[in-house]
Amino acid sequence: MMKRDAAAALAHADGLGAKVRQRSLWYVRFLVLYSVAAFFVVLVIGLNPGPVGAIASMAIWAPALTALSVYAFKQPVTRAGFTRRHLLIIGSWTALYLAVLFPGTTWFGGNLAWWLPGALVVALPGLIGAYVEVRR
Amino acid sequence: MSHPRHQLDEVIHSPVRFAIVAALAAAEKAEFRYIRDLVEIETSALSKQVTILEAAGYVKATKGYVGKRPRTWLSITGEGRAAFATHCAALRKMVEGV
């Protein structure tokens, strides 16, 4: 193998890797849509105390999660390290969701001053994850 | 035996297998059809090359379904990733004239 063949092989490998990473960017859209849905779910629960809020939030969450799951399952490729990063994001989201929801439903029902920042905080893991994916 | 070409991996050295492994190295998993189209080879040719890469322990093929459609997913193993890294390091040495 000649020097120029080696250089061409490396360039080819870089090009293929770049195409795979580009095709894996569907996950950015997934995370942004997930974050938007999570934001509204928290707001709806918080600003409508009681069963109305719970039912209305499920009316947003269930179709959103179904659509996102179908979208994810149809993708032909995931980037290296996908599972680790996804678990980290979903784990962070779960912790923040519970940290906002429990005090909120106990002491701050209907209080916009709690629920609006809370909804933003819950949306953060997905948005940060999307930003990091784009930057990689 | 100090020339970097001696460090090239014989399995990955084939241009088609090199392309398959290069694509899979950037992915956690990829659909068989996606890799086929990306590498621009026929289905039967990819099957043959994947069989060789599987036998070497470099690639794993997993069958599953998306809805009712059968799909085959390809992923690179830890051994395959290490072999690809060593192969690329040898190529870089050749380029640098080490």
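Residues numbered from 1 in each chain as written. Chains lettered and ligands numbered in written order. Predicted model: local features only at pLDDT ≥ 70, side-chain atom pairs only at ≥ 80, totals over all residues.

Undergrad: Looking at this structure, I do not really get the packing of helix H1 (residues 3-23) of chain A against helix H1 (residues 15-25) of chain B. What am I missing?
TA: In helix packing, the relevant descriptors are the interaxial angle and the interaxial distance, both defined with respect to the helix axes. Two elements in contact, H1(A) and H1(B), have axes separated by 8 Å at closest approach and are oriented at 45°. Put simply, H1(A) runs oblique to H1(B). As H1(A) runs across H1(B), the sense of the crossing is right-handed. Contacts between H1(A) and H1(B) pair A:Ala9, A:His12, A:Ala13, A:Leu16, A:Gly17 and A:Val20 from the former with B:Phe18, B:Ala19, B:Ala22, B:Ala23 and B:Ala25 from the latter. (Axes fitted to C-alpha atoms, helices over the stretch in contact; angles between N-to-C directions. Helix = DSSP H or I, 4+ residues; strand = E, 2+ residues; numbered from the N terminus. Parallel < 35°, antiparallel > 145°, perpendicular 65-115°, else oblique. Left-handed = near helix turned anticlockwise from the far one by under 90°. Contact = placed C-beta atoms within 7 Å.)

Undergrad: Just checking my understanding: could you explain the sheet that holds strand E3 (residues 69-76) of chain B for this structure?
TA: Think of a sheet as strands paired side by side through backbone hydrogen bonds, with each pair either parallel or antiparallel. Taking strand neighbours across the sheet as the criterion, the four strands line up as E1(A)-E1(B)-E3(B)-E2(B) in an open arrangement whose pairing is antiparallel. Each edge of the sheet is formed by a strand with only one pairing partner; in this case those strands are strand E1 (77-79) of chain A together with strand E2 (59-66) of chain B. When strand polarity is set aside, the average angle formed by the axes of neighbouring strands in this sheet is 20°. The pairing of E1(A) with strand E1 (residues 27-31) of chain B spans three bridges and is antiparallel. Residue pairing across strands places A:Val77 opposite B:Ala30, the latter belonging to E1(B). Relative to E2(B), helix H3 (residues 43-55) of chain B is tilted by about 125°, and along the sheet it contacts E2 and E3 of chain B. (Pairing = 2+ DSSP bridges.)

Undergrad: How should the confidence of the model for chain B be read in this particular structure?
TA: Detailed reading of predicted coordinates is not advised where the pLDDT is low. Looking at chain B, the pLDDT average stands at 94 and 97% of residues meet or exceed 70. Reported confidence for the predicted complex is 0.91 by ipTM and 0.90 by pTM. (pLDDT = per-residue confidence, 0-100.)

Undergrad: Quick question: what am I supposed to make of the environment of B:Ile35 here?
TA: All names here are of chain B. Assignment of secondary structure puts Ile35 in helix H2 (residues 32-39). Counting along the chain gives 38 residues from Ile35 to Trp73, while the straight-line C-alpha distance between them is 9.5 Å. Dropping the residues within four chain positions of it, Ile35 is found in contact with Ile20, Ala23, Ala30, Leu46 and Leu74.

Undergrad: Looking at this model, I keep getting lost on the interface of chain A and chain B. Mind explaining?
TA: One widely used convention gives an interface's size as the accessible area the parts lose upon coming together. Counting residues at the interface gives 23 residues for chain A and 22 residues for chain B. Among the elements of the structure, H1, E1 and helix H4 (82-107) of chain A are those that each provide at least two residues to the side of chain A that touches chain B. The biggest single contributor to the side of chain A that touches chain B is H1(A), with twelve residues. Classifying every residue of the side of chain A that touches chain B by side-chain character gives 13 nonpolar, five polar and five charged. (Nonpolar A, V, L, I, M, F, W, Y, C, P; charged D, E, K, R; others polar.)

Undergrad: When you look at the pairing of E3(B) in this model, what are you seeing that I'm missing?
TA: When a strand is regular, its side chains alternate between the sheet's two faces. Residue and element names in this part refer to chain B. Pairing analysis gives two bridges linking E1 to E3, with the strands arranged antiparallel. In the strand pairing of E3, Glu31 is matched with Trp73. Between E2 and E3, which follow one another and run antiparallel, lie two residues, and Gly67 among them has a positive phi close to 65°.

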